[in-house]
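Structural overview for review
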Amino acid sequence: MKYLLLTAFLCSSLFSIQNSDKLFECTQIFNERKNELLVELERIDEQKQALNALKTATEELLKQKEAKLSLKEEEVNAKLEQISEKEKKIKAMLEKDVQILKELKSIKMNKISQTFAKMKAGAAANVLSDMDEKEAAAILQSLKPKVVGKILTKMDPKKASKLTQLLAK
């Protein structure tokens, strides 16, 4: 029985040594895995910080770009306003010039009309016959009907007919 007890004691000691080795291996594996996870956690934390830094830099760059764009838009709007004002001034000047040109033509036509009104009908007919039909018609239109009649009677009938048609329009 002693022998049996001694054998059981020896077996249990050996068995406990094997369990102790297995327990030591599990603890060692757990510690290694724990260290790996800590390293991985540090790497993730570094990447998170890098991502946050990139996000902040990107937002700052975007704000700068928006500020520049806003400034450029203001400049463009100011230029458009200036151009619009200049365009209005030019249109006003053009209208004024057109009015002055009309007045000059009217004055010129009045002088020409007065000249032809003072001329003898035969001389006026000869001059108007040699002129462009539209110009001649414009001159005749500015004259009094009695003077126009006298001039047309002194003209070539074909030319007088054409001028009368132009006057009728």
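Residues numbered from 1 in each chain as written. Predicted model: local features only at pLDDT ≥ 70, side-chain atom pairs only at ≥ 80, totals over all residues. Heavy atoms only, no water.

Estimated volume of the largest pocket: approximately 150 Å³. Along the walls of the largest pocket sit K105, K108, M109, I112, M131, E135, A138 and I139, which together make up its complete lining. Mapped by element, the contributors of at least two residues to the lining of the largest pocket are α1 (2-118) and α3 (133-142). For the lining of the largest pocket, the element with the most residues is α1, which contributes four residues. A breakdown of the residues in the lining of the largest pocket according to their chemical character gives five nonpolar, no polar and three charged. (1 Å grid on protein atoms, 1.4 Å probe; cavity = no way out; pocket = protein on both sides within 12 Å on 5 of 7 lines; lining within 4 Å. Points joined across faces, edges and corners; volume = space filled by probe spheres on them. Helix = DSSP H or I, 4+ residues; strand = E, 2+ residues; numbered from the N terminus. Nonpolar A, V, L, I, M, F, W, Y, C, P; charged D, E, K, R; others polar.)

This paragraph deals with the confidence of the model for the protein. In this model, the protein carries an average pLDDT of 85, and 86% of its residues clear a pLDDT of 70 or more. Averaged over each element, pLDDT in the protein is lowest for helix α5 (residues 157-168) (84) and highest for helix α4 (residues 145-153) (86). (pLDDT = per-residue confidence, 0-100.)

This part takes up α4. Listed in full, the buried residues belonging to α4 are V148, I151 and L152. Down the axis of α4, the buried side of the element spans an arc of 95 degrees, and every buried residue falls inside it. Those residues of α4 that are exposed and angled more than 90 degrees off the buried face are K146 and T153. Buried residues along α4 sit against α2 (121-130), α3 and α5. (Buried < 20%, exposed > 50% of the residue type's maximum accessible area, 1.4 Å probe, protein only. Arc of directions from axis to C-beta. Contact = heavy atoms within 4.5 Å.)

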